[in-house]
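Working through the structure, step by step
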Amino acid sequence: MDRAHSAALHLQQLPPTSSADPGSQASFSYKENLIGALLAIFGHLVVSIALNLQKYCHIRLAGTKDPRAYFKTKTWWLGLFLMLLGELGVFASYAFAPLSLIVPLSAVSVIASAIIGIIFIKEKWKPKDFLRRYVLSFVGCGLAIVGTYLLVTFAPNSHEKMTGENITRHLVSWPFLLYMLVEIILFCLLLYFYKEKNVTNIVVILLLVALLGSMTVVTVKAVAGMLVLSIQGSLQLDCPIFYVMLVCMVATAIYQATFLSQASQMYDSSLIASVGYILSTTIAITAGAVFYLDFLGEDALHICMFALGCLIAFLGVFLITRNRKKAIPFEPYISMDAMPVDAR
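What counts and what doesn't
Residues numbered from 1 in each chain as written. Predicted model: local features only at pLDDT ≥ 70, side-chain atom pairs only at ≥ 80, totals over all residues. Heavy atoms only, no water. UniProt positions renumbered as here; feature names shortened; annotations may be inferred. Helix = DSSP H or I, 4+ residues; strand = E, 2+ residues; numbered from the N terminus. Contact = heavy atoms within 4.5 Å. Areas by Shrake-Rupley, 256 points an atom, 1.4 Å probe, with all protein chains shown as cover. Axes fitted to C-alpha atoms, helices over the stretch in contact; angles between N-to-C directions. Parallel < 35°, antiparallel > 145°, perpendicular 65-115°, else oblique. Left-handed = near helix turned anticlockwise from the far one by under 90°. pLDDT = per-residue confidence, 0-100. Salt bridge = Lys/Arg side-chain N within 4 Å of Asp/Glu carboxyl O. Buried < 20%, exposed > 50% of the residue type's maximum accessible area, 1.4 Å probe, protein only.

As recorded by an unreviewed UniProt entry, the chain carries the name NIPA like domain containing 3 and is attributed to Pipistrellus kuhlii. Its UniProt record gives the chain the following Subcellular location (unreviewed entry) comment, quoted word for word: "Membrane". Taken from UniProt, the Sequence similarities (unreviewed entry) comment for the chain reads in full: "Belongs to the NIPA family."

We now examine the overall build of the chain. If you tally the helices and strands in the chain, you get twelve helices and zero strands. Moving toward the C terminus, one meets the helices and strands of the chain in the order α-α-α-α-α-α-α-α-α-α-α-α. Contacts spanning at least 24 positions in sequence make up 82% of the contacts within the chain whose residues lie at least 6 apart. Just so you have it, the chain exposes about 20000 Å², and 71% of that area is on carbon and sulfur atoms.

In this section: the packing of helix 8 (residues 174–195) against helix 9 (residues 202–231). Running from amino to carboxyl end, helix 8 crosses helix 9 at an angle of 150 degrees, the nearest separation of the two axes being 10 Å. With respect to helix 9, the axis of helix 8 lies roughly antiparallel. Taken as a pair, helix 8 and helix 9 cross one another with a handedness that is left-handed. Taken together, the residues of helix 9 that come into contact with helix 8 (itself represented by Phe176, Tyr179, Met180, Glu183, Leu186, Phe187, Leu190, Leu191 and Tyr194) are Val204, Ile205, Leu207, Leu208, Leu211, Leu212, Ser214 and Met215.

Looking now at the confidence of the model for the chain. Confidence in the prediction of the chain, expressed as mean pLDDT, is 82, and 80% of residues score 70 or more. The weakest mean pLDDT in the chain belongs to helix 1 (residues 2–13) at 44; the strongest belongs to helix 8 at 95. Under a pLDDT of 50 for its full length, residues 1–24 has, in the predicted model, zero contacts with residues more than four places off or in other chains. Across residues 327–344, confidence stays below pLDDT 50; counting only partners more than four residues off in sequence or on other chains, it has twelve contacts.

Applying the stated criterion across every chain yields a total of one salt bridge. Here Arg169 makes a salt bridge to Glu160, at a shortest N to O gap of 2.8 Å. Overall, the relative accessible area of 32% leaves Glu160 in the partly exposed class.

What follows is the structure in structure tokens.
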């Protein structure tokens, strides 16, 4: 009786952790989602500002016949610094939030570019002409913002420590192996039609970019997550899978940039931006759902609202880019006459 009584007293003194754990874990998940979303939004916003600064630098040098090379101006270097800062923010965001949340937030860069383009426009417009010219941009920005809000609000809350063991387990899981098989077959077919049959349709080229991009973001999340864990004290850099993911991340990013460069030589940048965003986001979310099981355990309402947010963001980006003027060709960023020449 004494032992039973003491055991009962001991159990009564234990804190009621079981009922509090789910709520605290959910609060932690939402907090991590918010941190990741804010980092991604900040990163895309800063990158957009950086690109516009560098574009402004090139246009100003071309317009004033300034003999200086672009890399000798403070504006260009400021743009480069901001671009690196923004990319670092986007990279870090993958360590905190699910891949399915971070990828669609690249719409922020399209919104920011549209707003910056309107603010710094040079021409004088009458109010009626201005409204008629930019009504689609305003509507597109509004839709993209609403879509982004829905994405952040109804994003999946799946969080997992990016340890080498967990990543290896996901890498050899049968759903991801099946997904990789389908993706490799599709990629080879598209590459065959593009290279051998000379099919240069924009959807074909940007599908190649999107398929490579889906692997890029999967590996970026793994590398970023393992780096953050290592900084927090749980060393992951001694795991071979870290370097496998790092090599895959660099390789897919390089080939992705190559296909994007080829597409930019054949099609308008606004068309590439809208079609590329839709295809890349769709395939990347699918890859995240298969590899990281982002939507496992999510209820149907959250998934439907998240999908609705994606569709609204897609429509917003399409309207923004559809209203852009076609870019006027000017001297490329890196030209032979801008490089220092060793005169002997």
